[in-house]
Amino acid sequence: MVWKRTISAKALEKAKSAAVKVDDKVIFIANINGTLYAMDAVCTHARCILGKLDEEKLTVRCYCHLALFDLKTGQMLEPPYVAPDAPKEKLGLKTYQIRDNNGWIEVDV
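This report concerns the structure included in the present document. Quantities reported herein were computed from a predicted structural model and do not represent experimental measurements.

## Some points on the state of the cysteines
Move 1: Scanning all chains against the criterion turns up one disulfide.
Move 2: Here Cys48 pairs with Cys64 through a disulfide, and the sulfurs are 2.0 Å apart. Looking along the S-S bond of the Cys48-Cys64 disulfide, the torsion reads about -100 degrees, which is the left-handed sense. Here Cys64 lies in the loop between strand S6 (59-62) and strand S7 (68-70) and Cys48 lies in the loop between strand S4 (35-40) and strand S5 (50-54), a separation of 16 residues in the sequence.
Move 3: Cys64 gets classed as partly exposed once you look at its relative accessible area, which sits at 40%.
Move 4: As a non-bridged cysteine, Cys43 has Cys62 as the owner of its nearest cysteine sulfur, 4.0 Å distant.
Move 5: Residue classification places Cys43 among the buried positions, given a relative accessible area of 1%.
Move 6: On the basis of relative accessible area, Cys62 is assigned to the buried category, the value being 3%.

Rules behind the numbers
- Residues numbered from 1 in each chain as written.
- Predicted model: local features only at pLDDT ≥ 70, side-chain atom pairs only at ≥ 80, totals over all residues.
- Heavy atoms only, no water.
- Disulfide = S-S within 2.5 Å.
- Helix = DSSP H or I, 4+ residues; strand = E, 2+ residues; numbered from the N terminus.
- Buried < 20%, exposed > 50% of the residue type's maximum accessible area, 1.4 Å probe, protein only.

Right under this line is the structure:
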């Protein structure tokens, strides 16, 4: 495991979500009622950064073309797809283990 520090827990609690750079990756992190989530932040469709969080449905939407991803699994739930016959599970985003370590949010990359 390689844990990387990203953002303060206090800042994430206030913002609810953030796209953070970790090494060569951009990772979307969220704090929903004290539960932490982390997944790749770059949409599989047009490489835009995700950003519109739905706390109730635990989803995040891409601002560019409105693709929708499951925050827990990274699975693409709504198009656009890269190809019409492409299976959704192949277009999902990687999820990561995440933790609060002494007031700092860390992601296992």
